[in-house]
Amino acid sequence: MQWIEVCIKTTSQAIELVGERLTMLGFDSFIMDDQDEFHEFLENNKQYWDYVDEGLEKQMQGLSQIRLYLEDSPAAPETISYLKDQLRLLPQQYPSIEFGTLDVSLEHVKDEDWENNWKQYYQPLKIGSKLLVVPEWLHPENPEHRVEVLLDPGMIFGTGAHASTQMCMEELERAIQGGEEVLDLGIGSGILSITALLLGAEHATGVDIDPKAEDIARQNAAINQLGPDRFTALTGDVIGDKAMMEKLQKRYDIVLANIVADVIIPLAPAAAGFLTEDSIFICSGILSTRLSEVLAALEKAGMQILSTQQQDDWCRVTAALA
């Protein structure tokens, strides 16, 4: 089926009013893209990241628009003309509001464009000397016989493209000998737990504060033929949730935390409690400007630093009990 994407340019100040008018006109399904809401979201959730992709920030710069979709039918031109007439009335009805241009642009799209076009941007990704991250719908040649980590990148959270994830995966290549118990704090897509299991770990337990991550990680594990006997996904806060801590209370061979410095620092004492004298703690997602703070927190929690690695502006640290 053919559709018409209708894009209405406006301002942050007026975007809610434009949305209300669209609802009154019977357009009950549309998408709002707004720079102010984007930055408000970042500010309210800044404890979860130290860095936001510059390309995304540039894409959102000055952006306030509403997108809606109409079936490309003989009635579409009349509907669009009526919509434009109604939009022109808004500045007259609300003279104190800056509505911007209220320009309307049109683009023809197909159902399959929405569903599948994004897939072209995901290709197999070699990591380290053993690993190949593969979108689940691809069946690439693999002459090096790398370990294939299958993911659905259409889901949220890590795909292996970020330096912090790659450094963790490379460290897992070195650390996994076979039969390990792994604890993954902040599982996201489950990519690190899945990698550990495919490299030979016996079992991985993943925890995330976001309940969506639990479902997504479990689904990605299933794509890799890893069932509940090998992978356990849980939702909870390992820093503040005592019940969760009790549920996890055992010793692990490898503990992972690919999060951000502001989470790793308070997490350090809890992470140390999951280690034995032969265990290691691998943490990443640390900006180079925050590395010294993380190292100090790990040492204060009773760990010694075994190695560090930097890729671009990001660092990975591997530590053990002192």
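Scroll up a little and you will see the structure.
Just so you know, the residues in each chain are numbered from 1, in the order the chain's sequence is written. It should be noted that, the model being predicted, local features are given only for residues of pLDDT at least 70 and side-chain atom pairs only at 80 or more, the latter also being counted only at that level, while totals for whole chains, interfaces and linings use all residues. Side-chain descriptors were evaluated using all non-hydrogen atoms of the structure, hydrogens and water having been removed beforehand.

(A) Structural detail: the environment of G186. A run of DSSP states H or I qualifies as a helix once it reaches four residues; a run of E qualifies as a strand once it reaches two. Both are numbered from the N-terminal end. Tracing the backbone through its elements, the reader meets G186 in the loop between strand 8 (181-185) and helix 7 (191-198). Partly exposed describes any residue whose relative accessible area lies between the buried limit of under 20% and the exposed limit of over 50%, with all areas from a 1.4 Å probe on protein chains only and scaled to the type maximum. With a relative accessible area of 27%, G186 lands in the partly exposed category. Residue contacts are defined here by distance: any two heavy atoms, one from each residue, within 4.5 Å place the two residues in contact. With residues up to four places along the chain from it excluded, the contact list for G186 reads V207, D208 and N258.

(B) Up close: the sheet that holds strand 7 (residues 147-151). Any two strands with at least two DSSP-identified bridges between them are counted as paired. Read from one edge to the other, the open sheet built from 3 strands follows the order 5-6-7, with strand pairing classed as mixed. Of all the strands in the sheet, just strand 5 (125-127) and strand 7 have a single pairing partner and so form its edges. Each neighbouring strand pair of the sheet contributes to a mean axis angle of 25°, computed without reference to strand direction. Pairing of strand 6 (residues 131-135) with strand 7, which is carried by 5 bridges, proceeds in the parallel orientation. By the bridge assignment, P135 is partnered in strand 7 with L151. Only the contacting stretch of a helix is used when fitting its axis, a line to C-alpha atoms as for every element, and angles between N-to-C directions run 0 to 180 degrees. Helix 7 contacts strand 6 and strand 7 of the sheet and is inclined by roughly 150° relative to strand 7.

(C) Region of the structure containing helix 10 (residues 261-273). Between the first and last residue of a helix there are one fewer steps than residues, each counted as 1.5 Å, and that sum is the expected span. With 13 residues, helix 10 should reach 18 Å at 1.5 Å per residue; the first-to-last C-alpha distance of 19 Å fits that figure. The principal kink in helix 10, of about 55°, is found at L267, preceding the proline P269 by one to four residues. All of the buried residues along helix 10 are A261, V263, I264, L267, A268, A270, A271 and A272. Each residue is assigned a bend, namely the angle between axes fitted to the seven residues that terminate at it and the seven residues that start at it.

(D) Structural view of the side chain of T165. Relative to the assigned elements, T165 resides in helix 6 (residues 163-175). Residue contacts for T165: discarding those within four places in its chain leaves G160, I191, L192 and N258.

(E) The pairing of strand 3 (residues 64-71), seen in detail. Counting buried positions along strand 3 gives 6 out of 8 residues, so the element sits mostly inside the fold. Sheet analysis places strand 1 (residues 2-9) next to strand 3, joined by 7 bridges and oriented antiparallel. Bridge pairing in strand 3 places C7 opposite R67.

(F) The arrangement of the sheet that holds strand 10 (residues 231-235) in detail. Taken in spatial order, the 7 strands of this open sheet run 10-9-8-11-12-14-13, and their pairing is mixed. Each edge of the open sheet carries a strand with a single partner, namely strand 10 and strand 13 (303-311). Each neighbouring strand pair of the sheet contributes to a mean axis angle of 15°, computed without reference to strand direction. Pairing of strand 13 with strand 14 (residues 314-321) involves 8 bridges; the strand directions are antiparallel. What sits directly across from S307, in strand 14, is T318. Contacts from helix 8 (residues 211-223) reach strand 9 (203-208) and strand 10 within the one sheet, and its direction differs from that of strand 10 by about 165°. Packed on one face of the sheet, helix 10 meets strand 8, strand 11 (252-258), strand 12 (275-287), strand 13 and strand 14 and runs near 175° to strand 12.

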